[in-house]
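Here is what each chain is made of, one letter per residue.
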There are 2 protein chains.
Amino acid sequence: MNFLNCPLFQGVTQTEIEKMMDCFNGKAESFAEGKTIISYAENSDSIGVLLDGVAVVRRIGRNGDLSVQELLVKNGLFGEVFCFGAAKDTVEVVAVEKCTVVFIDKMWITRPCANACGCHLQIIQNLYFLLSEKVQRLSEKVELLSKRSIRQKLLYFFHRQCAQEGTDTFLMPFPFSSLAEYVNADRSAMMRELKKMREDGLVRINGRSVTLLQRDREEE
Amino acid sequence: MNFLNCPLFQGVTQTEIEKMMDCFNGKAESFAEGKTIISYAENSDSIGVLLDGVAVVRRIGRNGDLSVQELLVKNGLFGEVFCFGAAKDTVEVVAVEKCTVVFIDKMWITRPCANACGCHLQIIQNLYFLLSEKVQRLSEKVELLSKRSIRQKLLYFFHRQCAQEGTDTFLMPFPFSSLAEYVNADRSAMMRELKKMREDGLVRINGRSVTLLQRDREEE
DNA sequence: CTCCGATTGTTGCAAATGCAACAGACCTTT
DNA sequence: AAAGGTCTGTTGCATTTGCAACAATCGGAG
């Protein structure tokens, strides 16, 4: 098992991690496709690391409505949110393909362990960092979704990509069809708007390369 | 200064807190209306507790676009998110009215202090808990905003309220006009939809009391 | 090369939504 | 009682968007 690329263990050496595994008696478990890895209802008592495979986090409301909350891939972390904050409804982590998982007991996180691992604090800090990142991602998405029109949503997204790159041009990280999902709009409607924006001289699009043409301000 | 109602210090006694204040040399500072309490750019080095007053957290993009991220009231916490996760753009906390604030250095949070306060860990845990809650609130909002129609957004909101209460009736916690903002729709459009929903026998509305009439399923 | 699937691009039409404008209800203050 | 504010409720109209259906392009597999 290689933990080095796992964000949760950033800054901790492989040997330290393996030593630590005793503390929270962590052993890798396997789950076949379709199996429920863990279910957070009331009794949420551990978080987990997905060492291999793909899984989804899905929320099940009391009324049976179901929604996919997150997609987990190799090295992904799950349960960090539901372990402490008491979720109102059930959250399940389900294997989409064969998965290998290590669970870490919640208790281990909240107290120094008997062995007084030096890296204990490091991991708590990592956890904190990962949560912060998640909050920021979500805030950003809320802001995007709060834009009233497709055009505003697109501009918001484009500006953000550009800011990240530092230039006024960027390469789409995924196909336009996925962008439509992301901004929560119908694909054809989005394409139509994209065309108008091109005609209005707001953007230039070449394949997956998008260039923002400065001259627009005040999209409040 | 009374810290007892402050979520960050939950589970810690008043005397302990005051003793702790030495550790992170926390002293209350005052800010007049309109003043910037703190600005998180690169150099984010402390979180803060709003002991009194009202403030807003706002994000300023590189392009100058500004958006209010959060409203802080008495006992509110700020900076927990930006302190560690490196924000891409600047975040400011600004006093809306006269504010009293205590800052806690980031260092104090990440390491055990010299005095080895017993409650240190408790506070880190509280912080973690608060972050989890925030993630859940945001996830919920993303889910709501991802509904394609006003009707679906309203149903989602109503179901959620009912689930919380445990009944099929609940009292609106704020005026309908605010609900419109929350679901990110035009108020009149929302009222129109609300009327249709009443006509379709989905809900019954009496003043601020809303009753969900079961018979609907599959709003996917 | 050829076929196939995924992606991009387009269009007509119906439905949903935003916008503006207004009226009545209710509450508090003067 | 009168006045002013906020909240609720309504409606016409223009615009935006979703939906369905289809054409064109591209890239890889055989």
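What you see as residue numbers is a count from 1 along each chain, following the sequence as written. Chain A is the first chain written and ligand 1 is the first ligand written, with later ones labelled in order. The model is predicted, so local features are restricted to residues of pLDDT at least 70 and side-chain atom pairs to those at 80 or more, both for listing and for counting; the totals for chains, interfaces and linings are taken over all residues. Hydrogen atoms and water are omitted, and side-chain values are computed over all heavy atoms in the structure.

A. Geometry of the domain arrangement of chain A. What fixes the domain bounds is an automatic or database domain assignment. Annotation of chain A at the domain level lists domain 1 (7-137) and domain 2 (147-212). Using only C-alpha atoms to locate each centre, domain 1 of chain A and domain 2 of chain A end up separated by 34 Å.

B. Quick look at the protein's contact with DNA strand D. Around DNA strand D, the surrounding shell holds 20 residues, and the nearest of these are A:Ser149, A:Ile150, A:Arg192, B:Phe176 and B:Arg187. Here the atoms of DNA strand D within 4 Å of the protein split so that 48% fall in sugar or phosphate, with bases taking the remainder. Note that a phosphate oxygen of DNA strand D is positioned 3.2 Å from one of the side-chain N or O atoms of B:Lys195. A distance of 3.4 Å is found between a phosphate oxygen of DNA strand D and a side-chain nitrogen or oxygen belonging to B:Arg208. Helix and strand definitions here come from DSSP, where helices need a minimum of 4 consecutive H or I residues and strands a minimum of 2 consecutive E residues; each element is numbered from the N-terminal end. Mapped onto the surface near DNA strand D, the elements with two or more residues apiece are α6 (187-199) of chain A together with α5 (176-182) and α6 (187-199) of chain B. Broken down by element, the surface near DNA strand D gets its largest block of residues, 5 residues, from α6(B). Across the surface near DNA strand D, the residue classes break down as 6 nonpolar, 5 polar and 9 charged. Definition of nearness: a residue and a molecule or strand are near each other if at least one heavy atom of the residue lies within 4 Å of the molecule or strand. Here a polar contact is taken to be a pair of N or O atoms separated by no more than 3.5 Å, where protein atoms must pair a possible hydrogen donor with a possible acceptor and residues adjacent in sequence count only if both atoms sit in side chains. Amino acids are sorted into nonpolar (Ala, Val, Leu, Ile, Met, Phe, Trp, Tyr, Cys and Pro), charged (Asp, Glu, Lys and Arg) and polar (every other residue, Gly among them).

C. Local environment of the relation of the copies chain B and chain A. The atoms used to superpose the copies are C-alpha atoms, taken from residues with pLDDT of at least 70 in both, and the fit is least squares. With an axial shift of 0.0 Å and an RMSD of 0.1 Å, the rotation relating chain B to chain A amounts to 180°. As the rotation angle and translation indicate, the two copies are arranged about a two-fold axis. Contact criterion: two residues are considered in contact whenever any of their non-hydrogen atoms come within 4.5 Å of each other. When the interface residues of chain B are mapped onto chain A, 100% of them are again interface residues, pointing to one common binding face.

D. Structural view of the packing of aromatic side chains. Residues and elements named next belong to chain A. Side-chain rings of Phe, Tyr and Trp, where Trp is taken by its six-membered ring, are said to pair if the distance between their centres is within 6.5 Å; with planes under 30 degrees apart they count as stacked, over 60 as edge-to-face, and otherwise as tilted. Across all of its chains, the model carries 16 aromatic pairs over all chains by this definition. Plain terms: the ring middles of Phe31 and Phe103 are 6.4 Å apart, the flat faces sit at 90° to each other, and that makes the pair edge-to-face. Placement of the pair is Phe31 in strand β1 (residues 29-31) and Phe103 in strand β8 (residues 99-105), with a sequence separation of 72 residues. Burial status follows relative accessibility: with a 1.4 Å probe on protein chains alone, a residue under 20% of its type maximum counts as buried, one over 50% as exposed, and anything between as partly exposed. According to the relative accessible area criterion, Phe31 is buried, its value standing at 13%.

E. Structural view of the packing of helix α4 (residues 150-165) of chain A against α6(A). Residues and elements named next belong to chain A. Simply put, an axis is a line fit to the C-alpha atoms, just over the touching stretch for a helix, and the angle between two N-to-C directions goes from 0 to 180 degrees. Viewed as axis vectors pointing N to C, α4 and α6 meet at an angle of 75°, and their least axial separation amounts to 10 Å. If you check the angle between α4 and α6, you find them roughly perpendicular. Here Ile150, Arg151, Leu154, Leu155 and Phe158 of α4 come into contact with α6, specifically with Ala189, Met190, Glu193, Leu194, Lys196 and Met197. Oblique is the label for any angle not covered by the other classes, which are roughly parallel (under 35 degrees), roughly antiparallel (over 145) and roughly perpendicular (65 to 115).

F. Summary view of the protein's contact with DNA strand C. If you check the shell around DNA strand C, you find 20 residues, and the closest are A:Phe176, A:Arg187, B:Ser149, B:Ile150 and B:Asp186. At 2.8 Å from a phosphate oxygen of DNA strand C is found a main-chain nitrogen or oxygen belonging to B:Ile150. Residue B:Arg192 places a side-chain N or O atom 3.0 Å away from a base oxygen belonging to DNA strand C. Broken down by element, the surface near DNA strand C gets its largest block of residues, 5 residues, from α6(A).

G. Geometry of the pattern of salt bridges. All names here are of chain A. Whenever a carboxyl oxygen of Asp or Glu lies within 4 Å of a side-chain nitrogen of Lys or Arg, that contact is scored as a salt bridge. Within the structure shown, the criterion is met by 12 salt bridges over all chains. For Lys134, the salt bridge identified is with Glu70, shortest N-O distance 3.1 Å. On the criterion of sequence distance, the pair formed by Lys134 in helix α3 (residues 120-145) and Glu70 in strand β5 (residues 66-72) is long-range, its members being 64 residues apart. Since its relative accessible area comes to 10%, Lys134 is described here as buried. On the basis of relative accessibility, which here comes to 27%, the residue Glu70 falls in the partly exposed class.

H. Inspection of empty space enclosed by the protein at higher detail. The method works on a 1 Å grid over the protein atoms by themselves. A cavity is a set of points holding a 1.4 Å probe that cannot get out, a pocket is an open set with protein on both sides within 12 Å along at least five of seven lines, and residues with an atom within 4 Å of a point line them. Grid points are joined across faces, edges and corners, and a volume is the space filled by probe spheres set on the points. Per the counting criterion, the structure on display carries 3 cavities of 30 Å³ or more. Empty space within the largest cavity amounts to approximately 90 Å³. Taken together, A:Leu121, A:Ile124, A:Gln125, A:Tyr128, A:Phe129, B:Phe84, B:Ile109, B:Thr110 and B:Ile124 make up the full set of residues lining the largest cavity. If you list the elements that add at least two residues to the lining of the largest cavity, you get α3 of chain A together with α2 (106-110) of chain B. For the lining of the largest cavity, the leading source of residues is α3(A), giving 5 residues. Of the residues in the lining of the largest cavity, the class split is 7 nonpolar, 2 polar and no charged.

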